[in-house]
Amino acid sequence: MSLRDYRDFAPLTERISKAIQTGRLSHAYIIEGDSCIDKVKFAKDMIKAALCIQDPGWGCDMCPVCRKIDHDNYEDLYMVSSDDRSVKDASVAELQEKLKSRPTGGNSNIAVIDHADLMTLRAQNRLLKTLEEPNPGTLILLLAENTENLLPTITSRCIIYRLGNYAAKDSTADLTLPRKIMDMVAEHAYFCEFKDKLTKEIKDRQAAFQLLDGLERLLFLYLRGEEPGNVRKEKIAEHVRYVEEARRDLIAGVNYKYAIRNLILKIGG
Ligand SMILES: [Zn+2]
């Protein structure tokens, strides 16, 4: 897919395209976005835009370079992913070795680290060396759900792009409980009142996930002005981040009562 086709992210893709066309692409980017956004695909489309022969800056999907990237057989593109909930130091070490070699297809070695926010501390510290002194032409894309899990020394060396697409969230999510909760937040309800409500309504992990889906959907509607809500825009972004954190906790196996309690404390605070 050409970067042109990402209409939801149009201002961002235009920036990327311009950077490529004017030769001002940085050597390291963080692409942050929810789990529902296919960040690997976006990264590959960005790389196509950077290397495409026919339509530089956007990607044509048809030239040999674009096709190789689409089919995961571009010689100088190295993908790293997480295994068993983390990206290990050994994987980053292996990548570093590959990035030292001379590119064979073009002028650039390119690395994509999926779930970069799951890199172990050691792996992050190792990567830091590459970010500090990359070989000329190297392009590193870190894909993450939450950049807060990355060392500040890493984030400060990267350009961060956030792929926000809350519209893609499940539009059928039940908003009854989320609305009630946000009303209670607006009324500054005491935590014990939330607790009563949540104990009654959230009886298992699945219900907890449903609440998160609903909250995220509701926050998106606030943002678009499609639902009256007394929440400032900056606050909405903050709440969305809290919901994402709670989701991560749930996925990581944190007790659902604890995860939701934590979330409410943050949103209510
Ligand atoms: Zn192309």
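Preceding this section is the structure that the text describes.
Keep in mind it's a predicted model, so treat the numbers as computed, not measured.

Thresholds applied
- Residues numbered from 1 in each chain as written.
- Predicted model: local features only at pLDDT ≥ 70, side-chain atom pairs only at ≥ 80, totals over all residues.
- Helix = DSSP H or I, 4+ residues; strand = E, 2+ residues; numbered from the N terminus.
- Contact = placed C-beta atoms within 7 Å.
- Buried ≥ 20, exposed ≤ 12 C-beta atoms within 10 Å, placed from the backbone.
- Right-handed = clockwise from strand over helix to strand, strands pointing away.
- Pairing = 2+ DSSP bridges.
- Axes fitted to C-alpha atoms, helices over the stretch in contact; angles between N-to-C directions.
- Parallel < 35°, antiparallel > 145°, perpendicular 65-115°, else oblique.
- Left-handed = near helix turned anticlockwise from the far one by under 90°.
- Nonpolar A, V, L, I, M, F, W, Y, C, P; charged D, E, K, R; others polar.

**Let's talk about the overall build of the chain**
Thought 1: Helix and strand counts for the chain stand at 11 helices and five strands.
Thought 2: Each of the three principal axes of the chain carries a C-alpha extent, and together these read 65 × 40 × 30 Å.
Thought 3: A separation threshold of at least 6 residues defines the contact pool for the chain, and within that pool the share at least 24 residues apart is 75%.

**So, the pairing of strand β3 (residues 110-113)**
Thought 1: Across the two faces of β3 the burial is the same, with Ile110 and Val112 and Ala111 and Ile113 all buried.
Thought 2: Remark: the strand β2 (residues 77-80)/helix α4 (residues 89-100)/β3 crossover connection has right-handed handedness.
Thought 3: The pairing of β3 with strand β4 (residues 139-144) spans four bridges and is parallel. Residue Ile113 lies in a different strand from β4, and its bridge partner there is Leu142.
Thought 4: In this region the chain leaves β3, passes through helix α5 (residues 121-132) and returns to the parallel neighbour β4; the handedness of that crossover is right-handed.

**What to know about the sheet that holds β3**
Thought 1: Within the open sheet, the five strands sit side by side as β2-β3-β4-β1-β5. Their pairing is parallel. The two strands at the open ends of the sheet, each matched to only one other strand, are β2 and β5 (159-163). Direction aside, the axes of adjacent strands within the sheet are offset by 15 degrees on average.
Thought 2: For strand β1 (residues 28-33) and β4, the ladder comprises five bridges, and the chain directions are parallel. Within β4, the position partnered with Ile30 by the bridge is Leu142.
Thought 3: Docked against the sheet, helix α2 (residues 39-51) engages β1, β2, β3, β4 and β5, running at close to 160 degrees with respect to β4.

**Notes on unusual backbone geometry**
Thought 1: Even without being a glycine, Asp61 presents a positive backbone phi close to 75 degrees.
Thought 2: A positive phi angle is found at His115, which is not glycine, with a value near 50 degrees.
Thought 3: Relative to the helices and strands, His115 is located in the loop between β3 and α5.

**A closer look at the packing of helix α9 (residues 205-223) against helix α10 (residues 233-251)**
Thought 1: Closest axis-to-axis distance for the α9/α10 pair is 10 Å, and the angle between their directions is 160 degrees. Classified by the angle between their axes, α9 and α10 sit roughly antiparallel to one another. α9 and α10 meet at a crossing whose hand is left-handed. Counted together, Arg205, Ala208, Phe209, Leu212, Leu215, Glu216, Leu219, Tyr222 and Leu223 of α9 and Lys233, Ile236, His239, Val240, Val243, Ala246, Arg247 and Leu250 of α10 form the full contact between these two elements.

**Description of the pairing of β2**
Thought 1: Across four bridges, β2 lies against β3 in parallel orientation. Bridging across to β3, Tyr78 finds its partner in Ala111.

**Points about the packing of helix α1 (residues 10-21) against α2**
Thought 1: It is the contact of α1 with α2, at a shortest axis distance of 9 Å, that shows an interaxial angle of 30 degrees. Relative to α2, the element α1 is oriented roughly parallel. You can see that α1 and α2 cross each other, and the crossing is right-handed. Each of Ile16, Ser17 and Ile20 in α1 lies in contact with α2, whose residues at this interface are Met46, Ala49 and Ala50.
Thought 2: Considering only residue class, the contact of α1 with α2 consists of five nonpolar, one polar and no charged.

**Brief notes about the environment of Asp70**
Thought 1: Mapped onto the elements, Asp70 comes out in helix α3 (residues 64-70).
Thought 2: For the pair Asp70 and Leu198, spaced 128 residues apart in the sequence, the C-alpha separation amounts to 46 Å.

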